[in-house]
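Examination of the molecular architecture
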Amino acid sequence: MLLKDFYSVESLEKKDEKNYLVWIKLNKTHDIFKGHFPDNPVTPGVCMMQIVKELSEGFTEKKLFMSQVSNVKFMALINPETHADLRLEIQLVTDLEAAEAKVKTTAIFEETVALKMNTTFKIL
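The paragraphs below set out a description of the structure included in this document.

**So, the overall build of the protein**
- Tallying secondary structure elements over the protein gives two helices and six strands in all.
- Scaling as 2.2 N^0.38, a compact globule of 124 residues should have a C-alpha radius of gyration of about 14 Å, and the protein matches this with 14 Å.
- In terms of overall dimensions, the protein has C-alpha extents of about 50 × 25 × 25 Å along its principal axes.
- Put simply, 58% of the contacts in the protein that link residues at least 6 apart link residues at least 24 apart.
- Looking at the protein as shown, the accessible area adds up to about 7200 Å², and 51% of this sits on carbon and sulfur atoms.
- Computed over 16 positive and 18 negative side-chain charges, the separation of the two mean positions in the protein equals 4 Å.

Structure (C-alpha cells):
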C-alpha cells in the first residue's frame, strides 16, 4: 500500500472470472486530508487511481504499471467525513501475451457514482 492506512478493504467478492465487487473504507483521519483540503476534505483523484492499481495488483498477483488511462470521469467529490464507505465495481481482463491488464472501474458511495475510469496496466 503506497499510502499507509489510507483505506481498508472491508469486503471483496469475485463475481466471475473478470468482475469484482470491493467495499473499501477511507480513513478520514489520514494526514492527506489535512492538506486536501483543511476543513473540507476531498479524496484526491490520484489516490483513487492508486487504490484501483493496488486492488488490480492483488487480483492479478502481478506488479503493474499504469500505462494508459482513458475516459476518466470524476463525477462527485468524495468527502471521507460523510462518505468513507465506497463500493468499487471492477472489471479486469488480463492478456498475458500482450503483458497487460485492462481495468474498468466505477466507484460509488450510497447511490452516487463518483468515478468512472478505464485503465491499461503493463504487467511487469
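From this point, the narrative continues.
**Concerning the sheet that holds strand E2 (residues 19–26)**
- With respect to topology, six strands assemble into an open sheet ordered E1-E2-E4-E5-E6-E3, the strand pairing being antiparallel. At either end of the open sheet lies a strand with only one pairing partner, and these are strand E1 (7–14) and strand E3 (64–74). Sheet twist, expressed as the average angle between the axes of neighbouring strands with direction ignored, equals 20°.
- For strand E5 (residues 100–109) and strand E6 (residues 112–123), the ladder comprises ten bridges, and the chain directions are antiparallel.

**A look at the nonpolar core**
- Formed by 30 residues in total, the largest nonpolar core has its most connected members in Val22, Ile24, Leu26, Ile51, Leu86, Leu88 and Ile90.
- Sort the elements by how many residues they give to this core and helix H2 (residues 45–60) lands first, with seven residues.
- In this structure, Leu88 is in contact with Tyr20, Leu21, Val22, Ile24, Ile51, Val52, Leu55, Thr105, Thr106 and Ala107, ignoring residues within four places of it in sequence.

**Regarding the pattern of salt bridges**
- Enumeration according to the criterion identifies eight salt bridges in this entry.
- Across the pair Lys25 and Asp85 runs a salt bridge whose closest N-O atoms are separated by 2.7 Å. Of the two residues, Lys25 is situated in strand E2 and Asp85 in strand E4 (residues 85–95); the sequence distance between them amounts to 60 residues.
- Lys63 is the partner of Glu57 in a salt bridge, and the nearest nitrogen-oxygen pair spans 3.8 Å.
- Using a relative accessible area of 53% as the deciding quantity, one classes Lys63 as exposed.

Rules of the game
Residues numbered from 1 in each chain as written. Predicted model: local features only at pLDDT ≥ 70, side-chain atom pairs only at ≥ 80, totals over all residues. Heavy atoms only, no water. Helix = DSSP H or I, 4+ residues; strand = E, 2+ residues; numbered from the N terminus. Rg over C-alpha atoms; globule rule 2.2 N^0.38 Å. Contact = heavy atoms within 4.5 Å. Areas by Shrake-Rupley, 256 points an atom, 1.4 Å probe, with all protein chains shown as cover. Lys, Arg positive; Asp, Glu negative; His and termini not counted. Charge placed at Lys NZ, Arg CZ, Asp CG, Glu CD. Pairing = 2+ DSSP bridges. Axes fitted to C-alpha atoms, helices over the stretch in contact; angles between N-to-C directions. Core = buried A, V, L, I, M, F, W, Y, C linked by side-chain atoms within 4.5 Å. Buried < 20%, exposed > 50% of the residue type's maximum accessible area, 1.4 Å probe, protein only. Salt bridge = Lys/Arg side-chain N within 4 Å of Asp/Glu carboxyl O.

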